[in-house]
Amino acid sequence: MLLRLRLLLASLGGGVLLLLILCLGSQNLNQRTSLNLGFGRSAELPTGFLLGVALVIGVISGGSTTALLLPRASQDPGRE
């Protein structure tokens, strides 16, 4: 249980830290595009920011999935 919590907090903390660095780094980017979302278009955002947000979402979702799919201590093979 403690390992799951540590992995979950580490992935969330790492994602928030990456998002903070991304927001600071994309302040003065000039090339801006908007995304077609199917039901409308997003605001014009820098291309690097859009890619960075996708990376941050991947880090958070991957870490959370790993933390939630870890086997419990009672299910470890070799422990009986």
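1. Structural notes on the overall build of the protein
- Along its length, the protein carries two helices and two strands.
- Reading the helices (α) and strands (β) of the protein from amino to carboxyl end gives α-β-β-α.
- Taken over C-alpha atoms, the radius of gyration comes to 18 Å for the protein, far larger than the 12 Å a tight globule of 80 residues would show.
- Counting across all 80 residues of the protein, residues that qualify as buried make up 15%.
- Long-range pairs, those at least 24 residues apart, make up 54% of the contacts in the protein with a sequence separation of at least 6.
- Accessible area of the protein: about 6,200 Å², with a carbon and sulfur share of 66%.

2. Re the confidence of the model for the protein
- Across the protein, pLDDT averages 82, with 90% of residues at or above 70.
- Averaged pLDDT values over the elements of the protein bottom out at 80 in strand β1 (residues 32-33) and peak at 88 in helix α1 (residues 2-25).

3. Describing α1
- If you check α1, its first and last C-alpha atoms are 34 Å apart, about what 24 residues at 1.5 Å a residue would give, namely 34 Å.
- All buried positions along α1 are accounted for by S11, G15 and L22.
- On its buried face, α1 sits against α2 (47-69).

What counts as what
- Residues numbered from 1 in each chain as written.
- Predicted model: local features only at pLDDT ≥ 70, side-chain atom pairs only at ≥ 80, totals over all residues.
- Heavy atoms only, no water.
- Helix = DSSP H or I, 4+ residues; strand = E, 2+ residues; numbered from the N terminus.
- Rg over C-alpha atoms; globule rule 2.2 N^0.38 Å.
- Buried < 20%, exposed > 50% of the residue type's maximum accessible area, 1.4 Å probe, protein only.
- Contact = heavy atoms within 4.5 Å.
- Areas by Shrake-Rupley, 256 points an atom, 1.4 Å probe, with all protein chains shown as cover.
- pLDDT = per-residue confidence, 0-100.
- Expected span 1.5 Å × (residues − 1).

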